[in-house]
Amino acid sequence: PTGDVLPAVIVGTGYGAAVTALRLGEAGVPTLMLEMGRLWDTPGEDGNVFCSMLRPDGRAMWLKNRTRAPLASLLWMDVINHDTERYPGVLDRVDHDGMSVYLGRGVGGGSLVNGAMAVVPKRSYFEEVLPSVDPDEMYGRYFPRATAALGVNHVDPEWFETCESYQYARLSREHAHRAGLTTTFVPSVYDFDYLRREEAGEVPRSALAGEVIYGNNHGKRSLDKTYLADALGTGNVTIRALHEVRAIRRDARGYALTVHRRDETGEVVERLEIATERLFLGAGSLGSTELLLRARDTGTLPELGPEIGQGWGPNGNVMVGRANHVWDSTGRTQSGMPALGIDAWDDPEHPVFAEIAPVPAGVELWLSLYLAITKNPERGHFSYDPATDTARLHWNAEQGKTSIQQAKALFDKINRANGTTYRTDLFGDTRAFENRFTYHPLGGLVLGAATDDWGRVRGYPGLYVTDGSLIPGSTGVNPFVTITALAERNVERILAEDWTTP
Ligand code: FAD
C-alpha cells in the first residue's frame, strides 16, 4: 500500500543486498527487497528454468534480440551468438564507450550467472585497496562468516587428478608449471560432489552441460538457495521481482522511491511509489551508482557530493586464449565451473591472478582459455546523461593498456615454455587480448569517499550502499566473497548503531 512507510527497503538482490536482508530480517526489521529481474524458479517449456549456452533462447539475455557472449567468434566465424526473442533474461551486457559490463538480472543478481569462484583476496592487497577497514576483523570474522553462509566448498584433489571434467585445467596447470609458475585450487559455491555425480552419470548435468553464464539448472549454490532463502525464512523479508527502482527522493519520513513494474514480457505495466524510513542500495556497481548520480543531477538528492560516480574499475579483467598442440587435448567434457588459477599476483612487475576458464562447447577445440585479473591502478568515472537518463561510464582503451601488458608478460612466458601461440580468432577481430568487457565491475560509490567507512551515504541519514560499488575498482581476485564479507561487516555496525538512536 502506497500510504505506508516501510521500515527498510533494499534495492537489488545480489550479494550485498542478500546479506543485508538476512541480517535485517534476523534483527526483526520488516524489509522489502525490490529486484528488476525475474524470480527464476519456474521451468519453461523444455522443463528447465534456465537455457544452456549451446542452445540459448530469450531466457539468456536481458531484453535483447541476440545473445552477446564474451567469446564473439571461433575461427573468426560468428557461430557462438544466436538470435533470440526479447525477454527479461538472466544475463545483461551493458555497453559503454570502450567497456561492456556483464551482470546478472534476477533474484540472486550475479550469483545466477557467475562462475561460482569463491576467492578470499590476499590480505596485503585487501589492506591496500580498503585501508580504512580493520583487516583483523575482516579475516578473523567476516570472511569466515561469508564463506560459511555462501556454502563454499573445495574440489576433492584426488578426483580432480583423474576426472574428465578438469582435463582442460590439468593441461593448463602443466603448461604453467613448465613456465615456472604457481597454480592454486579455487574454492567454489558450485557443489563439487554434485559435479562428481554429473560425471558419473548419476544426476542431471548442469556444469557439464554447458550451463554457466545463462544460469545453472542444478548444482550451484546461488543466493536464492543460501542468503536469500535464509532471509525469507526469518519471516520478515519480502522480495518483489520485476520491480525496478527508477528514482529516489527525500521525504519527511525518509525516502520515496519511484518504481516501475514489468510483466513477464518485459513491458513496464505499472508505476508505483514506495516510501521507506531506511534505504539500502544493493543494485550493483552500475545500478547503485546510476541511482545516486541520477538523484544528484536531477536534484532529488541535491546534497550528494562529487564522489558519487568516482573510483570505478573492471578489476583488471583480460580474457585470452592459447592454441594447443594437437597432442594436447583439453577434452570434450569441461566443467563450466573453474577450479584452478595461476597465481602470479606477487610478481613485482606483472601481477596477475588468472582463472583457468572452460570452453564448454562439447567438442575438442585445442583451446586453453583464461580470465586474467590484473593490477591496474587506472580508474574510470560516471557522469549523468540527461538525454538518455542513464549514467555513462568514462573508460578508454589507454586505461586498459597496463592490464594487457601484465597479462601478456605472463602468457608470453607460458607460450615460450610450451612452444605455443595465442588464439586470435575469438574476439570478433584478430586481437589476442580482450579487455573491452568485464565480469567484475567495482566502485562508483567508494567506501570512505561517497559513504562513510560503513556504507552510510554522506549527507543522507538512513541511506546506505551495500554492494560492489563500495570497492574502488579492484580486489585482485574474483570479487563476490569480498562484497559479501564487507556487507556482513557494515550491516552489523549499522544494526548496532543506527537502530538504537531515534
Ligand atoms: P549484483 O550481484 O550485480 O546484484 C545487483 C542486483 O540488483 C541485480 O540482480 C540487478 O538486476 C538488480 N538491480 C540493478 N539495478 C536495479 C534497480 N534500479 N532496481 C531494482 N533492481 C536493480 N565473481 C566471483 O567472485 N566469482 C566468479 O566466478 C564470478 N564469475 C562471474 C561470471 C559472470 C558471467 C559475471 C557476470 C560475473 C561474475 N562474477 C564473479 C562477479 C560477481 O557476480 C559480481 O561481482 C557480484 O554479483 C556483484 O555483487 P553485487 O552485490 O555488487 O551486485
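Rules behind the numbers
- Residues numbered from 1 in each chain as written.
- Predicted model: local features only at pLDDT ≥ 70, side-chain atom pairs only at ≥ 80, totals over all residues.
- UniProt positions renumbered as here; feature names shortened; annotations may be inferred.
- Helix = DSSP H or I, 4+ residues; strand = E, 2+ residues; numbered from the N terminus.
- Rg over C-alpha atoms; globule rule 2.2 N^0.38 Å.
- Buried ≥ 20, exposed ≤ 12 C-beta atoms within 10 Å, placed from the backbone.
- Contact = placed C-beta atoms within 7 Å.
- Near = placed C-beta within 6 Å.
- pLDDT = per-residue confidence, 0-100.
- Pairing = 2+ DSSP bridges.
- Expected span 1.5 Å × (residues − 1).
- Axes fitted to C-alpha atoms, helices over the stretch in contact; angles between N-to-C directions.
- Parallel < 35°, antiparallel > 145°, perpendicular 65-115°, else oblique.
- Left-handed = near helix turned anticlockwise from the far one by under 90°.
- Nonpolar A, V, L, I, M, F, W, Y, C, P; charged D, E, K, R; others polar.

Per an unreviewed UniProt entry, the protein carries the name Cholesterol oxidase and comes from Saccharopolyspora hirsuta. Per UniProt, the protein carries the Cofactor (unreviewed entry) text "FAD". UniProt, in its Sequence similarities (unreviewed entry) section for the protein, records the words "Belongs to the GMC oxidoreductase family."

J.: Explain the overall build of the protein to me, please; I cannot follow it from the model alone.
T.: Counting its regular elements, the protein contains ten helices and 21 strands. Compactness check: the protein gives a C-alpha radius of gyration of 22 Å against a globular reference of 23 Å for 502 residues, within 12% of the reference. For the protein, the C-alpha atoms occupy an extent of roughly 70 × 50 × 45 Å along the three principal directions. Looking at the protein as a whole, 53% of its 502 residues are labelled buried. When contacts within the protein are restricted to residue pairs at least 6 apart in sequence, those whose partners lie at least 24 apart make up 73%.

J.: When you look at unusual backbone geometry in this model, what are you seeing that I'm missing?
T.: Trans is the common state for peptide bonds, and a negative phi is the common state for residues other than glycine. At Leu63, a residue that is not glycine, the phi angle is positive and equals roughly 50 degrees. Considering the arrangement of structural elements, one finds Leu63 in the loop between β2 (31–34) and β3 (91–96). Unusually for a residue other than glycine, Ala116 sits at a positive phi of about 70 degrees. For Ala116, the location among the structural elements is in the loop between β4 (99–104) and α2 (123–129). Here Ala116 falls in the buried class, since 27 other C-beta atoms lie within 10 Å of it.

J.: Explain the site of the ligand to me, please; I cannot follow it from the model alone.
T.: Around the ligand lies a shell of 40 residues, among which Gly12, Gly14, Gly109, Gly110 and Gly287 are the nearest. Here the element with the most residues in the shell around the ligand is helix α8 (residues 284–297); it accounts for four residues.

J.: How should I be thinking about the environment of Gly287 in this particular structure?
T.: Looking at the element boundaries, Gly287 is found in helix α8. Spatially, the C-alpha atom of Gly287 lies 37 Å from that of Arg196, the residues being 91 residues apart in sequence.

J.: Help me understand the confidence of the model for the protein in this model?
T.: When pLDDT is low, close inspection of the predicted coordinates is not appropriate. On average, residues of the protein score 97 in pLDDT, and 99% of them are at 70 or above. Predicted as a complex, the structure gets a pTM of 0.98 and an ipTM equal to 1.00.

J.: Looking at this structure, how should I read the sheet that holds strand β19 (residues 437–438)?
T.: Backbone-to-backbone hydrogen bonds join strands into a sheet, with any given pair of strands oriented parallel or antiparallel. Here three strands make up an open sheet; going across it, the order is β3-β4-β19 and the pairing mixed. Across the chains shown, the open sheet's two edge strands, defined by having one partner strand only, are β3 and β19. Relative to β4, β3 is paired through six bridges, and the arrangement is antiparallel. Bridge pairing in β4 links His96 to Met99.

J.: Sorry, what's going on with helix α9 (residues 401–418) here?
T.: For the α-helix, the turn length of 3.6 residues means that residues three or four positions removed from each other point alike. A rise of 1.5 Å per residue sets the reference length of α9, with its 18 residues, at 26 Å; its end C-alpha atoms lie 25 Å apart and thus fit the reference within 8%. By the burial criterion, the buried members of α9 are Ser403, Ile404, Gln406, Ala407, Lys408, Leu410, Phe411 and Ile414. Summarising the contacts, the buried residues of α9 are in contact with α5 (167–178), β11 (317–323), β12 (340–344), β13 (352–357), β14 (367–374) and β18 (433–434). Positive phi shows up at Gly419, right after α9, with a value of about 65 degrees.

J.: What's the story with the UniProt feature "domain: Glucose-methanol-choline oxidoreductase N-terminal" (unreviewed entry) in the protein in this structure? I'm lost.
T.: Those residues carrying the UniProt feature "domain: Glucose-methanol-choline oxidoreductase N-terminal" (unreviewed entry) are residues 104–127 in this numbering. Secondary structure across residues 104–127 divides into 21% helix and 4% strand, with the first and last C-alpha atoms of the span separated by 28 Å.

J.: What is the right way to look at the packing of helix α3 (residues 135–150) against helix α10 (residues 480–498) in this model?
T.: Running from amino to carboxyl end, α3 crosses α10 at an angle of 115 degrees, the nearest separation of the two axes being 8 Å. What the angle tells us is that α3 and α10 run roughly perpendicular. Once α3 is placed against α10, the crossing between them reads as right-handed. Side by side, α3 and α10 meet where Glu137, Met138, Tyr142, Phe143, Arg145, Ala146, Thr147 and Leu150 of the first sit next to Val481, Thr484, Ala485, Glu488 and Arg489 of the second. Grouping the amino acids of the contact of α3 with α10 by side-chain chemistry returns seven nonpolar, two polar and four charged.

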